[in-house]
Amino acid sequence: MKKLLVLAIVALGGLLVWRKVQADRAELDLWTEATGSEN
């Protein structure tokens, strides 16, 4: 039972990290689009 609980916590942590990375990437794309049009 402990292994299952630990696995669930690790999976949830990985999901949160993945969502944070995706959000940061989307924000970077917006910055690139907004600032890259000057060149």
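Model, not experiment: these values are computed from the prediction. (Residues numbered from 1 in each chain as written. Predicted model: local features only at pLDDT ≥ 70, side-chain atom pairs only at ≥ 80, totals over all residues. Heavy atoms only, no water.)

*Asks:* Just to check I follow, could you spell out a nonpolar patch on the surface for this structure?
*Replies:* A cluster of nonpolar side chains, contributed by Met 1, Leu 4 and Leu 7, occupies part of the molecular surface with about 410 Å² of accessible area. Within the secondary structure, Met 1 sits in the segment before α1 (2–36). Assessed through its relative accessible area of 83%, Met 1 is described here as exposed. (Patch = residues over 30% accessible without salt bridge, like charges linked within 9 Å, V, L, I, M, F, W, Y side chains within 5 Å. Areas by Shrake-Rupley, 256 points an atom, 1.4 Å probe, with all protein chains shown as cover. Salt bridge = Lys/Arg side-chain N within 4 Å of Asp/Glu carboxyl O. Helix = DSSP H or I, 4+ residues; strand = E, 2+ residues; numbered from the N terminus. Buried < 20%, exposed > 50% of the residue type's maximum accessible area, 1.4 Å probe, protein only.)

*Asks:* I would appreciate a short explanation of the pattern of salt bridges in the present structure.
*Replies:* Opposite charge on two side chains permits pairing when their charged atoms draw close. The tally for this structure, following the rule as stated, stands at 1 salt bridge. A salt bridge links Lys 20 to Asp 24, with the shortest nitrogen-to-oxygen separation between them at 3.3 Å. Remark: Asp 24 and Lys 20 occur in helix α1; sequence separation between them is 4 residues, near one turn of the helix. Residue class for Asp 24 comes out partly exposed when judged on its relative accessible area of 36%.

*Asks:* Before we go on, may I ask you to explain α1 in this structure?
*Replies:* Since one α-helical turn is 3.6 residues long, residues separated by three or four positions face the same way. For α1, built from 35 residues, the straight-helix expectation of 51 Å at 1.5 Å per residue is met to within 8% by its first-to-last C-alpha distance of 50 Å. Among the 35 residues of α1, 0 are classified as buried, and the element is accordingly described as predominantly exposed. (Expected span 1.5 Å × (residues − 1).)

*Asks:* Hey, could you run me through the environment of Lys 2 in this one?
*Replies:* The residue Lys 2 is located in helix α1 in this model. In this structure Lys 2 comes out as exposed when scored by relative accessible area, which is 70%. For the pair Lys 2 and Leu 30, spaced 28 residues apart in sequence, the C-alpha separation works out to 42 Å.

*Asks:* I keep staring at the environment of Lys 3 and nothing clicks. Help me out?
*Replies:* Structurally, Lys 3 is set in helix α1. Sequence-wise, Lys 3 and Thr 32 are 29 residues apart; in three dimensions their C-alpha atoms are separated by 43 Å.

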